[in-house]
Structure formats: C-alpha cells, structure tokens
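A closer look at the structure
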Amino acid sequence: MLDRAKVRVVIVGGGMAGLSAAQHLYANGFKNVTLVEARDRLGGRIQTQIIGGKDLVEMGANWILGACAANPAFVLAKQNNIQLGRITELTGRWVVEDLWIKPDGTVIGANIVQRAMEEFRQILGQVSEKTKSLRVNPVGFIKVSFTLAIQDMSGADQRDALCIMRSMVNFLQVYDGGYLERSRGKGEPFNPLPGGAMCLPDGMQFLLDSLTKDLPSDSVQLNSQVVSIDWSDPECRVTCEGGRTHEADHVIISLPVGVLKQHRKKLFIPHLPAKKAEAINTVPMGKLNKIFLRWEKPFWEPGMGAIQLCWSDDDAEPLDWWRRIPSFLEVGPNVLLAMVSGEQAEHLESFCDQEILEKCSFLIRQFLRNPSIASPDQILVSRWCSDPYSRGSFIYQGTNVTEEILEELGSPLEEHRVLFAGEATVPWAYGKMHAARASGLREAERIIGLY
Ligand SMILES: Cc1cc2nc3c(=O)[nH]c(=O)nc-3n(C[C@H](O)[C@H](O)[C@H](O)COP(=O)(O)OP(=O)(O)OC[C@H]3O[C@@H](n4cnc5c(N)ncnc54)[C@H](O)[C@@H]3O)c2cc1C
C-alpha cells in the first residue's frame, strides 16, 4: 500500500468544496496534494469584497444557513473561533417595521402587513409536504393558499396583502435561484436546518482563510484553468491552459454544474459515462445576482431595515430585471442590497453598472416618493451567470431531479480515481455552502479510506 504522503491527488477548483478536500487530505497525511484553480483567487462562489474603500460585502454566499452541529460550515467557523453574527430567522427578515411600499409610494398599513406575514409563514410551513402530495409547484401553492387565507379581508386590503405576498415570493425565489415554479420546494427555506441563519461580520474570507492557512503555498495553483482530464489510464492527467500537466492517482473535480454542462464533452478523456453525463444535463443551475449600492451620506435613518417593494400584477413587465427585486435591504450603515433571481438575473447582466445604478436610484425615488434622493456613490454588481467559472449561482432541485440524480453527480468513477465534489452533489443540502464543504470532506474521506 502506498504511503499517504506519496499519493498524488489533484483537486480541480478552489471553492469551498475543493478547499475543504485539500485541507482534510493534508491534515490526514496526504502531502502530495495540488489544487488547481482557474481564477486569480480562491473561494469560487464565496467572495468578500470591499465597496467604497470601507464596507465589506459578500458577492456570493453570506449566510450560514442552519447554525447547528449538522452544518459543517458552521462547525468550521466555530472550530476556528470565527466571529459569528446572529441575523433574524430567515423568513423573519420580514418585519412589520420595514417599509412595505407600493410603486405609487403608498406605505401599506402595519395591520395588513402583520396579517399577511402571519398567513404567509403558516403557508410556508406546508409547502414541502403539500407540493409533494398535491403535485403543484410551490409558487402556485403559495398564491392559491394565500388568496384563500385572506378572503375575509376587505377588497382593498386583500389587494395590498397580495402585493406583500409578491414581495415575499420574490424573496423566496432567491433560495432556488429564481425557479421556485420549477422546483420541488424541498430545500431552504422550506426545510431549514435548525439554528437559524448566521453571518460572518468580518467577512466570509475568514472561513476561506481557515482552510488555506495550513496548506503549503506551492500546493495551490491559481490562474490555472483545467482544459482536460484524461482518466483513460490508472494514472490520470490533468492539463491546464498553457499546457501544464499534473499526473495524479486521484482527481477530485469540484467544478460547478454550470461549468460541467458547458465543457464536459471536451474536458473528459474519455467522455463521462452516460449516467453521469445525463445527471449533469438534468440538474438545473439557478440564477441569482446581487447589487450593492453605497452612499457616502445615507438617505435613510440607521436601522431602517428594508424597503420592501410590493408590486402589483400590473406593474412593469414581469421579465424586467428590476421587477424581481424583493427589497432594498440595509446591510450596512451606508449600504443597501438588492437581489435579482431567475431569468431576470441573467437579463440584469446585459446592463452596465451605471445603467443599473440609475434604475435602482429611480426605483428608490419612485417607491419613497422622493425625487430628491441622491444617487448612490458606488455600486457593485455580481454577474454569476456569464462568469465562465460558475455559469449560474447554484443548483436547485427541478421537478425532474430525484435524489438519485444528485447522488449520481457525486459518485466516483474507476475505483475512486476520479471523484466529484461540489454543492450540487449533496442531496440533503444542495446549493449551499455547507453542501460544498460536506462534499469536499466526503471525497477526501473516500481517498483516506483507501490508504
Ligand atoms: C449570489 C449567491 C449567494 C449565495 N448565498 C449563499 C448563502 O447565503 N448561504 C449558503 O450556504 N450558500 C450560498 N450560496 C451558495 C454557495 O456560495 C455555493 O454553494 C458554494 O460556495 C459552492 O462551492 P463549490 O466549491 O461547490 O463551488 P465553487 O465555489 O464555484 O468552486 C468551484 C471552483 O472551480 C473553479 N473553476 C471553474 N472552472 C474551472 C476550470 N476549468 N479549471 C479550474 N478551476 C475552475 C472556480 O473558479 C471555483 O473557484 C450563494 C451563491 C451565490 C452565487
């Protein structure tokens, strides 16, 4: 049996999954580990940035969803004494005190907001079960149930409550990358891990640093886009753009499904088995982007919470990207966040920062009925759909995606020579950062078990 220190492992992709695998292998005596990463940075869909020279923002993951022992991202943060901040329960992010406003600037009354919220929360708790048994999609179920639940309200109040519901559905869409209509409604936030959500006030970068701190610097190769993985021989060959090649006894592939969809035919020599290829084709990638707006002098009072955009069905083209913004959320003393999901997230990417900034300024002035609000001084916009190294935000469980298909994504090939990690490969937590971590640990363990 080979000495662990001599086993050659190449990890393709340096996001949470790849880094977790690398760190776990290294900690267990595997010293010949090479991680190849296409970008000039590690972290993948975890990316802490600074806006306006001061404020930290997260372009990708920003919540540990389920602060409990079953969540390996939470455990990692705890083990490394990383400061965690409590945020309100996910759906409790909706608070009556937020500004619930219609496009004409009317603020919806607190009693209607309170009632709408209660009904909505009640319905949320049933989505997973009901959509399974009734075979309806989660959005359809929510809309019908909500409409029935508010029948006793007056006509005008019902219309306002429906506007609130639209804002809440827009927010829920964030969890499935905008395709709740096509989803099984089984993941967050319908079946959350216990413990509520937490954030890292000092930035997700700390989580990444905790994974890289013990890795020797020459084990990580940035700016190394992998262009082929030849697994025809017992010795695999991983080739990067420019021709650099790595021989390996095991390759762990932690590429996003969006990237695998686009490149799998060219990437793998020989082609992947039909079952694996079909799983990659079947699992859909969701789309989610974030817009951070920063003002040197904020126009709002600290602690405002959120400006909740309560659209009616007649407002704007539903396909316009701004129509999918659920809220402008106060994420720092000077910064508001708008999220856009689904096709609209991709549509957003066809606009430049300045156009997005102007549209957001227009919306804020319109909803707050205040034309004198200044435009933001800075803007940061994510573009995960056109990013060649992500091709989308994260997967969602489409109606045709069974747990077996997700398991197939993560199943190894050829006596564990080629292994697969990544957020998509974990049926109980797909899409999330903790799924990525769990998958990296799982694949590292598979190799550890062999030696
Ligand atoms: C906007 C947004 C918000 C999110 N919010 C949350 C949240 O609040 N909580 C949560 O739990 N999760 C959240 N997520 C999901 C979470 O970020 C991901 O599930 C997780 O980070 C994925 O990790 P990964 O290692 O599987 O993939 P990635 O992080 O994508 O890592 C894959 C790596 O492969 C690299 N790569 C790609 N192609 C090549 C190539 N050819 N050669 C070499 N390297 C390559 C990429 O550059 C990347 O570094 C969010 C994601 C997005 C986009």
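Position labels on residues start from 1 in each chain and follow its written sequence. Residue-level local features of this predicted model are given only where pLDDT is at least 70; pairs of side-chain atoms are given and counted only at 80 or more, and the full residue set underlies all totals for whole chains, interfaces and linings. To obtain the side-chain values, all non-hydrogen atoms of the structure were included, while hydrogens and water were left out.

1. So, helix α6 (residues 205-212)
To keep things clear, this is the line we draw: Exposure is judged per residue with a 1.4 Å probe applied to protein chains only, and the accessible area is read against the type maximum: over 50% gives exposed, under 20% gives buried, and values in between give partly exposed. Comment: elements are numbered from the N terminus, with helices defined as DSSP H or I runs of at least four residues and strands as E runs of at least two. Taken from the helix axis, the directions to the C-beta atoms give the arc we talk about. Residues count as neighbours in contact if any of their non-hydrogen atoms are within 4.5 Å of one another.
Considered for burial, the residues of α6 that qualify are L207, L208, S210 and L211. Each buried residue of α6 sits inside an arc of 155° when the element is viewed along its axis, so together they form one side. On its buried face, α6 sits against α1 (16-27), α2 (72-79) and α12 (433-448).

2. Details of the site of the ligand
Put simply, the rule is: For this purpose, a residue is taken to be near a molecule or strand whenever a single non-hydrogen atom of the residue falls within 4 Å of it. Any N or O atom pair separated by 3.5 Å or less is treated as a polar contact, with the protein-specific requirement of one donor-capable and one acceptor-capable atom, and with residues adjacent in sequence counted only for side-chain atom pairs. Methods summary: accessible areas were calculated by the Shrake-Rupley approach with a probe of 1.4 Å, and residue burial reflects only the protein chains presented.
In the vicinity of the ligand there are 37 residues, among which E37, R45, W63, V226 and M433 approach most closely. With respect to the ligand, the backbone of E423 contributes an N or O atom lying 2.9 Å from an oxygen atom. At 2.9 Å, a backbone N or O of G431 approaches an oxygen atom of the ligand. Contact with the protein chains covers 98% of the free accessible surface of the ligand, which is 1000 Å². Looking at the shell around the ligand, the elements with two or more residues in it are α1 and α12.

3. Details of the pairing of strand β13 (residues 250-253)
The criterion, for reference: DSSP-based pairing: two strands are paired if at least 2 bridges between them are found.
Side-chain alternation along β13 places H250 and I252 on one buried face and V251 and I253 on a second face that is also buried. Pairing between strand β1 (residues 9-12) and β13: 4 bridges, direction parallel. Within β13, the position partnered with V10 by the bridge is V251. As defined by bridge partners, β13 adjoins strand β20 (residues 418-420) across 3 bridges and the pair is classed as parallel. When the sheet's bridge partners are listed, V251 is paired in β20 with V418.

4. Details of the sheet that holds strand β5 (residues 64-65)
In spatial order, the strands read β5-β8-β6; together these 3 strands make up an open sheet with antiparallel pairing. Two strands lie at the open edges of the sheet, namely β5 and β6 (85-86), each paired on one side alone.

5. With respect to the domain arrangement of the chain
Short version of the rule: The split of the chain into domains comes from an automatic or database domain assignment. By definition, the buried area sums, over both parts, the 1.4 Å-probe accessible area that each loses when the two are put together. Basic side-chain nitrogens of Lys or Arg form a salt bridge, by our definition, when they fall within 4 Å of a carboxyl oxygen of Asp or Glu. Polar here means any residue other than Ala, Val, Leu, Ile, Met, Phe, Trp, Tyr, Cys and Pro, which are nonpolar, and Asp, Glu, Lys and Arg, which are charged; Gly is therefore polar.
Domain boundaries assigned for the chain yield domain 1 (4-46 + 69-82 + 200-284 + 396-448) and domain 2 (91-191 + 288-381). Computed over C-alpha atoms only, the centres of domain 1 and domain 2 are separated by 34 Å. On the side of domain 2, 9 residues touch domain 1, which itself brings 9 residues to the contact. Both sides of the domain 1 and domain 2 interface together cover about 790 Å² of buried area, and 47% of this is carbon and sulfur. At the junction of domain 1 with domain 2, the criterion picks out 0 salt bridges. Inspection of the domain 1/domain 2 interface yields 4 residue pairs in polar contact (both at pLDDT 80 or more). Of the residues assigned to the side of domain 1 that touches domain 2, the class counts are 3 nonpolar, 4 polar and 2 charged.

6. Notes on the packing of α2 against α12
Geometrically, a packed helix pair is captured by the angle between its two axes and the distance between the axes. What counts, and what does not: Helix axes are fitted only over the stretch in contact, all axes being lines through C-alpha atoms; the angle between N-to-C directions runs from 0 to 180 degrees. Each angle is binned into one of four classes, with values under 35 degrees roughly parallel, values over 145 roughly antiparallel, values of 65 to 115 roughly perpendicular, and all other values oblique.
For the pair α2 and α12, interaxial distance at closest approach is 7 Å and the crossing angle is 80°. Between α2 and α12, the crossing angle belongs to the class labelled roughly perpendicular. Along its contact with α2, which presents P72, A73 and L76, the element α12 presents M433, H434, R437, A438 and L441. Residue classes in the contact of α2 with α12 are distributed as 6 nonpolar, 1 polar and 1 charged.

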